[in-house]
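Overview (structure and organization)
Each chain, written out:
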Amino acid sequence: MVACSGSEKLKMNVDQSTAGVSDYFELLKPRVMSLAIFTAIIGLLVTPNHVHPLLAVFSIIAIGAGAGAAGAINMWYDRDIDSIMDRTKSRPIPSGRVKSEEALTLGIVLSIFSIILLFVASNYIAAAFLFISIMFYTFIYNIFLCNQKIHDELKSKNQFIKNKAVLYENIYKGNQKNYKNLDELDFNIITYSENSTD
């Protein structure tokens, strides 16, 4: 049997894409999108200026769409990392339900739509802030902040695996009589790994 790398597995899965509406909606990160919508609603409620209800609804839709667009681009950018992390490998792209190019296209089209819609429903200043927000999330957060956090998380996980392998060799082989079973050994390994430093 030939072993496949994470990127190869991702490509194989993507070739068999079977996306549904819920998969595309998941790309938009609905929980993050709901926070942006909630913030927009609060802003409209506390503003001293009168806002036409219809324009307010379209403005909220535009802000929600902009947040979703940034989420889709984020999932496209992190597709390789997502495919090897337990927490994220079931997402639409690494699981093969959505093709990566479809996610990117959705993010870009939705970004343009949301900015134009907010410009029409509100004003150019609001549209400009939405554009800046999408760009910040896409480039600053994705490339610098988020990836550094993921790198640290993977580094910590790899260090734990390394510690576990060393301790299996040094402790289990040298002190078999001191451990009744592997669960007890694992407990000692985890305790050691949590207390150790690089």
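Structure first, text after, so check above.
Each chain carries its own residue numbering, running from 1 in the direction its sequence is written. For a predicted model such as this one, the threshold for reporting local features is a pLDDT of at least 70, and the threshold for listing and counting side-chain atom pairs is 80 or more; totals across whole chains, interfaces and linings nevertheless cover every residue. Excluded from the side-chain calculations are hydrogens and water; all other atoms, namely the structure's heavy atoms, are used.

Helix and strand assignments follow DSSP, with helices taken as H or I runs no shorter than four residues and strands as E runs no shorter than two, numbered in order from the N terminus. Its location among the elements puts Arg-31 in helix α3 (residues 30-46). Taking the C-alpha atoms as reference, Arg-31 lies 9.6 Å from Gly-68; in sequence the two are 37 residues apart.

Let us now look at the pattern of salt bridges. Whenever a carboxyl oxygen of Asp or Glu lies within 4 Å of a side-chain nitrogen of Lys or Arg, that contact is scored as a salt bridge. Tallied over the full model, the rule gives three salt bridges. One salt bridge in this structure joins Arg-97 and Glu-26, with 3.0 Å as the shortest N-O distance. With Arg-97 in the loop between α5 (79-82) and α6 (100-121) and Glu-26 in helix α2 (residues 21-27), this residue pair connects regions lying 71 residues apart in the sequence. The exposure class of Arg-97 is partly exposed, given its relative accessible area of 22%. The buried label applies to any residue whose accessible area, calculated with a 1.4 Å probe on protein chains only, is under 20% of its type's maximum; exposed applies above 50%, and partly exposed to all values in between. Note on Glu-26: relative accessible area 29%, which makes it partly exposed. Ionic pairing is found between Asp-82 and Arg-91, a salt bridge with its closest N-O pair at 3.2 Å. When sorted by exposure, Asp-82 lands in the same class as Arg-91, which is buried. Within the structure, one salt-bridge network assembled from shared partners comprises Asp-23, Glu-26 and Arg-97.

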